[in-house]
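Inside the fold
This is what each chain is made of:
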Protein chains: 2
Amino acid sequence: MSWHLRADEELINPWRTLASRLVYDNPWITVREDEVLRPDGRPGIYGVVQYKNVAVGILPVDGADVYLVGQYRYTLDRYSWEIPEGGCPVGEDPLAAAKRELREETGLEAGKWRLAGEAHLSNSVSDERALWFVATELSLGESCPEGTERLLVRRVPFGEALRMALAGEITDALSLLAIMRFQLEGGPESLRGG
Amino acid sequence: MSWHLRADEELINPWRTLASRLVYDNPWITVREDEVLRPDGRPGIYGVVQYKNVAVGILPVDGADVYLVGQYRYTLDRYSWEIPEGGCPVGEDPLAAAKRELREETGLEAGKWRLAGEAHLSNSVSDERALWFVATELSLGESCPEGTERLLVRRVPFGEALRMALAGEITDALSLLAIMRFQLEGGPESLRGG
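Because the structure is predicted, anything quoted here is derived from the model rather than measured.

Details of the packing of helix 4 (residues 173–184) of chain A against helix 4 (residues 173–184) of chain B
At their nearest, the axes of helix 4 of chain A and helix 4 of chain B sit 10 Å apart, and the two run at 35 degrees to each other. Considering how the two elements wind past one another, helix 4 of chain A and helix 4 of chain B form a crossing that is left-handed. In this structure, helix 4 of chain A uses A173(A), L176(A), L177(A), M180(A), R181(A), Q183(A) and L184(A) to contact helix 4 of chain B, whose residues at the interface are A173(B), L176(B), L177(B), M180(B), R181(B), Q183(B) and L184(B). Residue composition of the contact of helix 4 of chain A with helix 4 of chain B, by class: 10 nonpolar, two polar and two charged.

Printed below as a string of structure tokens:
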């Protein structure tokens, strides 16, 4: 009986939107403020950050090694080591965006791609969606970072990337997801002979 | 030599902020737009979403089981199964906030708490920081959700939560991080006899 109620519950949006206004817009996000009736029926507001891109992340794996990129994150005012990441505009194929971002940030091209996971990064305030890929059969082309990026590239044993993730030396959520899931799937060993 | 350059590079903020204006403010976030010089020296803008709370997540573990909460996420317009989560205002102890959120969302109290990880959830646009805890030695009090929440609570084997995470049935990043890391640390078995 409780399962029946549960199944119904998931179909019901307990929020009501009474009005909505755009408060900010730039090439990457819009922010809107909605007047709402909350799940308890009382009036309130909800500020929603809408993303114009889907985030794509790439874990580039070469034998027992992976590639990380380092950059100064303006939002955090600190340096951050991460997997290569970028934005996929609406209408672009996420895999095509991932190939472009990997090439731009590291100069790498990959012969084999696998969609490895999906996440909503911060769903209390934003609708940001992220996908990540494992890229293998790597070859080196030429790196051409965007003007907003000034990147360092490091090739490290996957075990070192995992250590950095577990030690708090990597804090970027999408990078942590990609690294931890790859370890759960068996790590570089799982790719041998595939 | 490249290591020397690398160490220096991490200290340098290649962005310059020329001006900053507040474009939106509510009780949970502010949005500001900065005029910047980008790492390549060219002018641009940066819209930054600043969070007034640190996100806290709790993985409540009881023997081989964990607790998940389900709620309709307004930002995504869909239902989402997650670990209990909430906001920790500046100045509040994150552990105290985690205890409060666990009690409010599930009615549970925990005798033992362990800080299990830290992440920046979406650092291309926001400064949002998240911490998560593993909570054990659970006992049931009384649930009192906030008015903005209408929650279902499920107790499931940890293996089922892990399956949901890997199958894309859980997409909330903080929940995925907590579940995957707990598995990497040995899962419920690691708590036996501890």
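Still to come is the rest of the account.
Re the relation of the copies chain B and chain A
In screw terms, the move from chain B to chain A is a rotation of 180 degrees and a rise of 0.0 Å along the axis, fitting with an RMSD of 0.0 Å. As the rotation angle and translation indicate, the two copies are arranged about a two-fold axis. Interface residue correspondence from chain B to chain A reaches 100%, placing this contact among same-surface, isologous pairings.

Comments concerning the environment of I45(B)
Structurally, the position occupied by I45(B) is in strand 3 (residues 43–51). As a C-alpha pair, I45(B) and C88(B) span 43 residues in sequence and 30 Å in three-dimensional space. For I45(B), the residues in contact, after removing those within four places along its chain, are Y24(A), N26(A), P27(A), W28(A), E33(B), D34(B) and V36(B).

Topic: the interface of chain B and chain A
Between chain B and chain A, the contact holds 70 residues from the first and 70 residues from the second. When chain B packs against chain A, the two sides together hide about 6,600 Å² of surface, and 62% of this comes from carbon and sulfur. Three residues, Y74(B), N123(B) and R150(B), lead the burial of chain B against chain A; their summed loss comes to 13% of the area buried on that side. Our enumeration of links across chain B and chain A arrives at zero salt bridges. Put simply, chain B and chain A have 25 residue pairs in polar contact (both at pLDDT 80 or more) between them. Here the side of chain B that touches chain A gets seven residues from one element, more than from any other, and that element is helix 4 of chain B.

Quick notes on empty space enclosed by the protein
Here the structure, examined in full by the defined rule, presents one cavity of 30 Å³ or more. Roughly 30 Å³ of internal volume is contained in the largest cavity. Lining the largest cavity we find Q71(A), Y72(A), T148(A), R150(A), P14(B), W15(B) and P39(B).

Some thoughts on the packing of helix 3 (residues 158–166) of chain A against helix 4 of chain A
Residues and elements named next belong to chain A. Interaxial distance between helix 3 and helix 4 falls to 10 Å at its minimum, and their mutual angle equals 125 degrees. Between helix 3 and helix 4, the interaxial angle falls into the category oblique. Read as a crossing pair, helix 3 and helix 4 show a hand that is left-handed. Here F158, A161, L162, A165 and L166 of helix 3 come into contact with helix 4, specifically with L176, I179, M180, F182 and Q183. Residue composition of the contact of helix 3 with helix 4, by class: nine nonpolar, one polar and no charged.

Thoughts on the sheet that holds strand 1 (residues 16–25) of chain B
Residues and elements named next belong to chain B. Pairing is antiparallel in the open sheet, where three strands are placed in the order 1-2-3. Either end of the sheet is taken by a strand with one partner, and the two such strands are strand 1 and strand 3. Along the sheet, successive strands turn relative to each other by an average axial angle of 25 degrees, direction set aside. When strand 2 (residues 29–37) meets strand 3, the two strands line up antiparallel, connected through nine bridges.

Examining the nonpolar core
Formed by 72 residues in total, the largest nonpolar core has its most connected members in I179(A) and I179(B). Leave out the neighbours within four places in its chain, and I179(B) touches L59(B), I83(B), F158(B), A161(B), L162(B), A165(B) and I170(B).

Here is what the cut-offs are and how they apply
For every chain, the first residue of the written sequence is number 1, and numbering continues from 1 along that sequence. To label them, take the chains in the order written and letter them from A, then take the ligands in the order written and number them from 1. Totals for whole chains, interfaces and linings use all residues, but because this is a predicted model, local features are given only for residues with pLDDT of at least 70 and pairs of side-chain atoms are given and counted only at 80 or more. Each side-chain value is worked out from all heavy atoms of the structure, with water and hydrogens disregarded. Every angle, taken between N-to-C directions, lies between 0 and 180 degrees, and every axis is a line fitted to C-alpha atoms, over only the stretch in contact when it is a helix. Secondary structure is summarised from DSSP: a helix means a run of H or I of at least four residues, a strand means a run of E of at least two, and numbering begins at the N terminus for each. If you view the pair so one helix is near and one far, a crossing is left-handed when the near helix is turned anticlockwise from the far one by less than a right angle, and right-handed when it is turned clockwise. Contacts between residues were defined by any pair of non-hydrogen atoms, one from each residue, lying within 4.5 Å. Put simply, Ala, Val, Leu, Ile, Met, Phe, Trp, Tyr, Cys and Pro go in the nonpolar bin, Asp, Glu, Lys and Arg in the charged bin, and everything else, Gly too, in the polar bin. C-alpha atoms of residues with pLDDT of at least 70 in both copies form the basis for the least-squares superposition of the copies. Summed over both partners, the accessible surface that disappears when two parts come together, traced with a 1.4 Å probe, is what is meant by buried area. Only one rule defines a salt bridge in this text: a Lys or Arg side-chain nitrogen within 4 Å of an Asp or Glu carboxyl oxygen. Nitrogen and oxygen atoms within 3.5 Å of one another constitute a polar contact, given that in protein one can donate a hydrogen and the other can accept it, and given that sequence-neighbouring residues count only through two side-chain atoms. Lining residues are defined by having an atom within 4 Å of a point belonging to a cavity or pocket. Those points lie on a 1 Å grid over the protein atoms alone, cavities being sets where a 1.4 Å probe fits but cannot get out and pockets being open sets with protein on both sides within 12 Å along at least five of seven lines. Grid points are joined across faces, edges and corners, and a volume is the space filled by probe spheres set on the points. Should an angle fall under 35 degrees it is called roughly parallel, over 145 degrees roughly antiparallel, and 65 to 115 degrees roughly perpendicular, with every other angle called oblique. Here the rule is simple: two strands pair whenever DSSP picks up at least two bridges between them. By nonpolar core we mean a set of buried residues, namely Ala, Val, Leu, Ile, Met, Phe, Trp, Tyr and Cys, connected to one another through side-chain atoms within 4.5 Å. Between buried and exposed lies partly exposed: a residue is buried under 20% and exposed over 50% of the maximum accessible area for its type, with that area taken using a 1.4 Å probe on protein chains only.

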